[in-house]
Amino acid sequence: MQQARTQDVAASGRARRRRWLTRDRATALLMITPSVIAIAVFVYGFIGWTGYISLTKWIGIKADYTFVGLQNYGTIFNALRFQTDIRNTIVFTAFFLIGCLGLGLALALMIDSRVRGEAIFRSIYIFPMAISFIVTGVVWAWIFTPGKFPQDPTGLNLLFSKIGLGFLQSAWITDNRVLPGYILSGIKARIGVPMAMIPVIVAAVWQMSGFTMAMYLAGLRGIPEELREAARVDGASEWQVFQRITLPLLQPITLSAVIILGHISLKIFDLVLTMTGGGPGNATDVPGIFVYDITFNANKIAQGAAAAVVMLLLVAVLIVPYLIYNARTEVER
Amino acid sequence: MLYAQRWLRLFAPFAILAMLLAACGSTAPSTSSESSNASSNASSNASSNSSAAQPTAAAAEAPTTAAEPTAATSAEAPTAATSSGSTASGSGKLEIFSWWTNGGEADGLNAMYDVYKQQNPGIEIVNATVAGGAGTNAKAVLQTRLQGNQPPDSWQVHAGRETLSYVDYLQPLTQFFKDEGLDKVMPKLLLDQLNINGEIYTVPVNIHRSNMLWYNPKIFKDNNLTPPKTLDEFFTVAEALKAKGITPLAMGGKDGFEASHLFESVLLATFGPDDYTKLWTGDETAWADERVLTAINTMGKMLTYANSDRSAIGWADAAQMVIDGKAGMTIMGDWAEGYFLSKGAKGHEDYEWAASPGTDGVFLWLSDSFGLAKGAPHPDAATAWLKVCGSKEGQDAFNPKKGSIPARTDADKSKYDEYLQWSIDQFGKDKLAPSAVHGAATTNTYQTAFHNALEVFSANPDATALASALTEAVPDLTR
């Protein structure tokens, strides 16, 4: 008995030692250390540095680390342009998410219904994602450049006039209206949907809905047919099967898609820059372009850093709850 | 499995070593390898609907009607030999930093390098160019290098007020101007306007003109119109063209500076050269002048005669509308001529020029220049480079290719095309005023605010909003 206990203790001691510093573990630690250091310095270090810069009054080439507190944040939030950017990014994100999720789910359901030539359709729909946003922006800018309509239209307007749908012609990316354009006291930017943003959203949805479809398709294929079969046996209609079985089981996919698409849309830069350049006026300007312009054209380094931190916080608002949710479900498992 | 682990263990130290090496590797100066981007950039500029092109970085193909610069430089060889006496000799390096990567700009730069190599044999020129963003990318790289105390020997910057951002990193060249006699061959007013806090910091290699009206001579002839000399005449002409269903004024907006470019010409016409120049000194009372509102309203009225899709097209597309006969006029700097020539258009047939309405007799200039870095790694070679930049043979090699005129008034006019010869004459006799939009009168910080305010106005003409935005931007004039 006594002997057995000592053996136990010895064994557990050895086990503990083994748990902390086996050769495997040492190797693993050695392997991850460089990337941990690299990420600590080049990601979190620089985030911290950006945050620090945003509290200084650095304007110009020469660094000026005079501490000014949150003054730069006040400046940018008071500026008409940044307020417009925040409005635009909210509008863009909302419509982009709705468009991608709706279209992606519809496409996935269509392909999941075992159509002939499924692989071909799948490839066709996913293909736009392989194109860079720059290319998408240039091409869709051509499509949505209105020309001098109705007399001398270009792009989509030309197509409309050729097929007798001339009444559908619109100013597209040059439309300067903000609808409904409410004015709130204290906010300089008008509240509403900038019309010029809609073509940009169309281009972005065109590019990313195939990717959403692929995610949903994977989700759909992961739902056991028996579940749906069982529901049908119980007398559920196809709509009820979709509503009560399929959709709830796709929820994790939706969440992942929202995170991935959401952070793309909050950081969008290249698509807007090539498609509209932020115009007309600031109607399609986004925080990404603001940061670039203010930092590298205007040399207002501190204000650019402040705007970058605001962008980071916006993305964090989206991602942190997801990480927490993930951690919880991980524990549950 | 076991094999894989052993292999990994062997590999790990190498991986770490590689990472360390990568981390400690010096920030190698961006050298000519990056100019490989040039060709792709050139093509994207040529398609003109894409990248944000600013005049200096634009696809201004050089007017090459003038003599071949290589022939020119060899003809000047004797003068070159005399001036090379004091320049650096032997072997060494010289790093020149610019964003001239395509078209006539790159050709012009190379022509200047040829002159330099002839005068300073044995010195290797490191052509550090950074393409893209109309110089924005280059400026970002330059900023990093200056902060890291690794300046190139000499870099490109708009002459005049824009240099203010760099004065901490540049050596004053006022004495150099005297030694080289540049103060005698460049217009006094130009030298005054180059002066920053009592010193001149950069050597201008060229002059572009901002206040230019380009019009389609066929349209004007068919409608019995003459180019407008005043703003009032502009509106008469515009009304006549509009009645015929022709867009009177072609205008861009996608490159970000088109609206402010037009506005600077309107300001010049409204204020006259002296008061116009005072606007950019950072004095807030200058902007309280009621003529500011007059200029804004004139601008707003001009916009009603411009194409409505302006925010979707660039300045080059607007220029194209003029030679295509779709629009009567456009107001753009004289890099537009380089664009016309690159499209095979002919002067007097497809396009014709005049000073922008109300600004005849005033030359609204902008200029590219090179300075000498404080703590330049190769100061002698860099000084020799600046001598080439300021010299007649250097400027006459560069400018015919770039499509601009020399900053010196003693240029060999036979090397230039007809428009540039006209421009050289005007430069010699006109009153000079510095361009605000293109860096001669303002800093980058101010320009960004100015561009944005005018783009907003172009989309949504609200006079009071623009006036207050311009007043808000005044502090940016001095930083």
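A few points on the structure. Source: prediction; values computed, not measured.

Reading the values: rules and limits
Residues numbered from 1 in each chain as written. Chains lettered and ligands numbered in written order. Predicted model: local features only at pLDDT ≥ 70, side-chain atom pairs only at ≥ 80, totals over all residues. Helix = DSSP H or I, 4+ residues; strand = E, 2+ residues; numbered from the N terminus. Expected span 1.5 Å × (residues − 1). Pairing = 2+ DSSP bridges. Contact = placed C-beta atoms within 7 Å. Axes fitted to C-alpha atoms, helices over the stretch in contact; angles between N-to-C directions. Parallel < 35°, antiparallel > 145°, perpendicular 65-115°, else oblique. Left-handed = near helix turned anticlockwise from the far one by under 90°. Nonpolar A, V, L, I, M, F, W, Y, C, P; charged D, E, K, R; others polar.

## What about helix H4 (residues 80-112) of chain A?
Compared with the 48 Å implied by 1.5 Å per residue over 33 residues, the 47 Å span of H4(A) between its first and last C-alpha is a close match. After H4(A) finishes, the residue A:Arg114 shows a positive phi value of roughly 55°.

## Regarding the sheet that holds strand E12 (residues 431-434) of chain B
Residue and element names in this part refer to chain B. Reading across from one edge, E5-E10-E12 is the order of the three strands in this open sheet, with mixed pairing throughout. Both edges of this open sheet fall to strand E5 (208-209) and E12, since each of them pairs with a single strand only. Pairing analysis gives two bridges linking E5 to strand E10 (residues 362-366), with the strands arranged antiparallel. Note that in E10 the partner of His 208 across the bridge is Leu 366. Helix H12 (residues 258-278) contacts E10 and E12 of the sheet and is inclined by roughly 110° relative to E12.

## Topic: the packing of helix H8 (residues 197-222) of chain A against helix H11 (residues 251-266) of chain A
Residues and elements named next belong to chain A. Direction vectors running N to C along H8 and H11 enclose 160°, while the axes themselves pass 10 Å from each other. Taken together, the axes of H8 and H11 lie roughly antiparallel to each other. The handedness of the crossing between H8 and H11 comes out as right-handed. Packed against H8, whose contacting residues are Met 208, Thr 212, Met 215, Tyr 216 and Gly 219, the element H11 presents Ile 253, Ser 256, Ala 257, Leu 261 and Ile 264 at the interface. When its residues are assigned to classes, the contact of H8 with H11 shows seven nonpolar, three polar and no charged.

## Some remarks on the interface of chain B and chain A
Counting from both sides, the interface comprises 37 residues of chain B and, opposite them, 35 residues of chain A. Contributing elements (two or more residues each) for the side of chain B that touches chain A: helix H1 (2-24), helix H6 (136-147) and helix H20 (444-459) of chain B. Sort the elements by how many residues they give to the side of chain B that touches chain A and H20(B) lands first, with eight residues. Residue composition of the side of chain B that touches chain A, by class: 13 nonpolar, 17 polar and seven charged.

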